[in-house]
Amino acid sequence: MSSLIGNERNKQILKRLIARDRLGASYLFAGPDGVGKRLFALAMAKAVNCERNRENTGNQRGDQGCDSCPACRRIDAGSHPDVQTVAPDGVYIRIAQARALAEEIQYRPREGRHRFFIIDQAERLRDEAANALLKTLEEPPPTTTLILLSARPDALLPTIRSRVQRLNFAPLTVAEMQRYLENNYSRPATDTALLARLTEGRIGQATAIDISDYRRERRGMIELLELLATGNDRFRLLKAAEYYGKQERDAFEKKLDMLLRLLRDIFLIAAGRSKDDIINNDEYDRLAALASRIGAARLTGWIEKFDVLRANLAININRPIALEALLLNIDG
Ligand SMILES: [Zn+2]
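Here the structure is a predicted model, which is why all the values come from computation and not from measurement.

## Describing the overall build of the chain
Next up, step 1: Scanning the chain from N- to C-terminus turns up 16 helices and 5 strands.
Next up, step 2: Each of the three principal axes of the chain carries a C-alpha extent, and together these read 75 × 45 × 30 Å.
Next up, step 3: With 332 residues in all, the chain has 46% of them scored as buried.
Next up, step 4: The long-range fraction of contacts in the chain, counting pairs at least 24 apart against all pairs at least 6 apart in sequence, stands at 71%.
Next up, step 5: Taking the average location of the 52 positive side-chain charges in the chain and that of its 45 negative ones, the two points are 2 Å from each other.

Right, dumping it as structure tokens:
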């Protein structure tokens, strides 16, 4: 548990429970995707079932798995018989999955000290499947703990919510996130700093972003904004509309999100906010130049127009035409 970052209060609570051998029957880890709910659950399972920890007793027993014994490695790989995860099969967690789980839970630990069953996206447990689990949630065998993970705890059935102890998880602060990335990835500090700001405290996202790709695509977006700020090169604007408009919808959406993040940064600079307040602060100088060239009043209009385009993507618009109309009349 000690190597986990952020959500300090939850960490202290869980560490105490583990140290006193007082793990409860079922928990709900609630909080946005990517903030470490799953990492916490697995860390608990490793701390309790680690083979090196088992050799120690009482005060010597750590609150941290060693990450290298066969038990820890199998927990990480998802192949430990006492640490199992159930996730939705399709849209929902099916009744057959719930029944199989309720059945499996009745067994004593097969190899470890304590069994953990993790239910991923627990809000996708509906009616019948949930009913099959209610009794299990309330009274699993004493050597078993269920951990429900959910980014939408309010969508959980009330009958489930009332049977579990809830711990809320929050995104990490930028500083916590940066410390985590520095400890776990061998990347230059400028990269970890940008990643920490970009992912807004969601560890799970940090591994999904390729920072060199991000920088390359961002350069293109900044050039587009510089072109827009000058506003007099219709030919290049048309070319840009054609180039970006032709991209697949997902890629197009990603670029728009990037552009909107840049525009918000530029707006914050124009509004006099400091370098620490902006996400893309490694490009501060170019963004500051854009801020003074475009000005806060025009920026508001631009953000509004790109927001509308972003929203309209849901209704299958003709992207090249819509983007062309926007770029050529950005101040219109
Ligand atoms: Zn271990």
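## As for the packing of helix α15 (residues 296-312) against helix α16 (residues 319-328)
If you want to describe how two helices pack, look at the angle between their axes and the distance between the axes.
Next up, step 1: Viewed as axis vectors pointing N to C, α15 and α16 meet at an angle of 175 degrees, and their least axial separation amounts to 11 Å. In terms of orientation, α15 lies roughly antiparallel with respect to α16. Between α15, through Lys305, Phe306 and Leu309, and α16, the contact on the second element is made entirely by Ala322, Leu323, Leu326 and Leu327.
Next up, step 2: Across the contact of α15 with α16, the residue classes break down as 6 nonpolar, no polar and 1 charged.

## Digging into the coordination of the zinc ion
Next up, step 1: Looking at the zinc ion, the protein donor atoms are Cys50 (SG), Cys66 (SG), Cys69 (SG) and Cys72 (SG), and they sit 2.3 to 2.4 Å from it.
Next up, step 2: Geometry at the zinc ion is tetrahedral, judged from its 4 donor atoms and the angles of 103 to 119 degrees they form at the metal.
Next up, step 3: Counting the intervening residues between successive donors of the zinc ion yields the motif C-x15-C-x2-C-x2-C. Within this pair, whereas Cys50 is found in the loop between α2 (37-49) and α3 (51-55), its partner Cys69 is found in the loop between α3 and α4 (70-77), the two being separated by 19 residues in sequence.
Next up, step 4: By relative accessible area, which is 1% here, Cys50 ends up buried.

## Here's the deal with unusual backbone geometry
Next up, step 1: Phi is positive for Asn7, which is not a glycine, with a value near 45 degrees.
Next up, step 2: Along the polypeptide, Asn7 turns up in the segment before α1 (8-19).
Next up, step 3: A relative accessible area of 13% means that Asn7 is categorised as buried.
Next up, step 4: Its identity as a non-glycine residue notwithstanding, Asp21 has a phi of 60 degrees, on the positive side.
Next up, step 5: On the secondary structure map, Asp21 appears in the loop between α1 and β1 (26-30).

## Quick word on the domain arrangement of the chain
Next up, step 1: When the domains of the chain are assigned, the result is domain 1 (8-170), domain 2 (175-206) and domain 3 (211-328).
Next up, step 2: Of the residues lining the interface, 7 residues belong to domain 2; the matching set on domain 3 comes to 10 residues.
Next up, step 3: Around 740 Å² of area is buried between domain 2 and domain 3 when both sides are counted, 61% of it from carbon and sulfur atoms.
Next up, step 4: A per-residue breakdown of the area domain 2 buries against domain 3 is headed by Leu194, Arg197 and Leu198, which together make up 71% of the total.
Next up, step 5: Between the two partners, domain 2 and domain 3, sit 1 salt bridge.
Next up, step 6: Where domain 2 packs against domain 3, one counts 3 residue pairs in polar contact (both at pLDDT 80 or more).

## Regarding the packing of aromatic side chains
Next up, step 1: Applying the stated criterion across every chain, the model contains 3 aromatic pairs.
Next up, step 2: Aromatic side chains Phe40 and Phe169 sit 4.9 Å apart centroid to centroid with 85 degrees between the ring planes, which places their arrangement in the edge-to-face category. Of this pair, Phe40 sits in helix α2 while Phe169 sits in the loop between β5 (165-168) and α8 (174-184), placing them 129 residues apart in sequence. Like Phe169, Phe40 is buried.
Next up, step 3: Plain terms: the ring middles of Tyr243 and Tyr244 are 4.9 Å apart, the flat faces sit at 75 degrees to each other, and that makes the pair edge-to-face.
Next up, step 4: Residue classification places Tyr244 among the buried residues on the basis of a relative accessible area of 12%.
Next up, step 5: Among the aromatic side chains, those forming a connected cluster through ring pairs are Phe29, Phe40 and Phe169.

## Here we look at the pattern of salt bridges
Next up, step 1: On inspection of all chains with the given rule, the structure shows 23 salt bridges.
Next up, step 2: The salt bridge partner of Glu111 is Arg74, with a shortest N-O separation of 2.9 Å. Note that Glu111 is positioned in the loop between α5 (95-104) and β3 (115-119) and Arg74 in helix α4, a separation of 37 residues in sequence.
Next up, step 3: Relative accessible area serves as the criterion here: at 40%, Glu111 is assigned to the partly exposed category.
Next up, step 4: Close ionic contact of Arg310 with Glu253 constitutes a salt bridge, the shortest N to O distance being 3.5 Å. Of this pair, Arg310 sits in helix α15 while Glu253 sits in helix α13 (residues 249-270), and the two are 57 residues apart along the sequence.
Next up, step 5: Residue classification places Arg310 among the partly exposed residues on the basis of a relative accessible area of 25%.
Next up, step 6: One network of salt bridges, with partners in common, ties together Asp82, Glu104, Arg110 and Arg115.

## Here's the deal with the nonpolar core
Generally speaking, a soluble globular protein has its nonpolar side chains buried in company with each other.
Next up, step 1: Of all hydrophobic cores here, the largest spans 50 residues; its most connected members are Leu225, Leu228, Leu287, Leu290, Trp302, Phe306 and Leu327.
Next up, step 2: Two domains each donate at least three residues to this core, and these are domain 2 (175-206) and domain 3 (211-328).
Next up, step 3: The residues contacting Leu225, other than those within four sequence positions of it, are Leu259, Leu262, Leu263, Ile266, Leu290 and Trp302.
Next up, step 4: Counting 25 residues, the second largest nonpolar core, distinct from the first, contains Met1, Val35, Ala43 and Ala45.

What counts as what
- Residues numbered from 1 in each chain as written.
- Predicted model: local features only at pLDDT ≥ 70, side-chain atom pairs only at ≥ 80, totals over all residues.
- Heavy atoms only, no water.
- Helix = DSSP H or I, 4+ residues; strand = E, 2+ residues; numbered from the N terminus.
- Buried < 20%, exposed > 50% of the residue type's maximum accessible area, 1.4 Å probe, protein only.
- Contact = heavy atoms within 4.5 Å.
- Lys, Arg positive; Asp, Glu negative; His and termini not counted.
- Charge placed at Lys NZ, Arg CZ, Asp CG, Glu CD.
- Axes fitted to C-alpha atoms, helices over the stretch in contact; angles between N-to-C directions.
- Parallel < 35°, antiparallel > 145°, perpendicular 65-115°, else oblique.
- Nonpolar A, V, L, I, M, F, W, Y, C, P; charged D, E, K, R; others polar.
- Donors = N, O, S within 2.8 Å, 3.2 Å for Na, K, Ca; no water.
- Tetrahedral: all angles 85-135°; square planar, octahedral: opposite > 155°, others 65-115°.
- Domains from an automatic or database assignment.
- Buried area = accessible area lost by both parts, 1.4 Å probe.
- Salt bridge = Lys/Arg side-chain N within 4 Å of Asp/Glu carboxyl O.
- Polar contact = N/O pair within 3.5 Å; in protein donor to acceptor, adjacent residues only side chain to side chain.
- Phe/Tyr/Trp six-rings, centres within 6.5 Å; stacked < 30°, edge-to-face > 60°.
- Core = buried A, V, L, I, M, F, W, Y, C linked by side-chain atoms within 4.5 Å.

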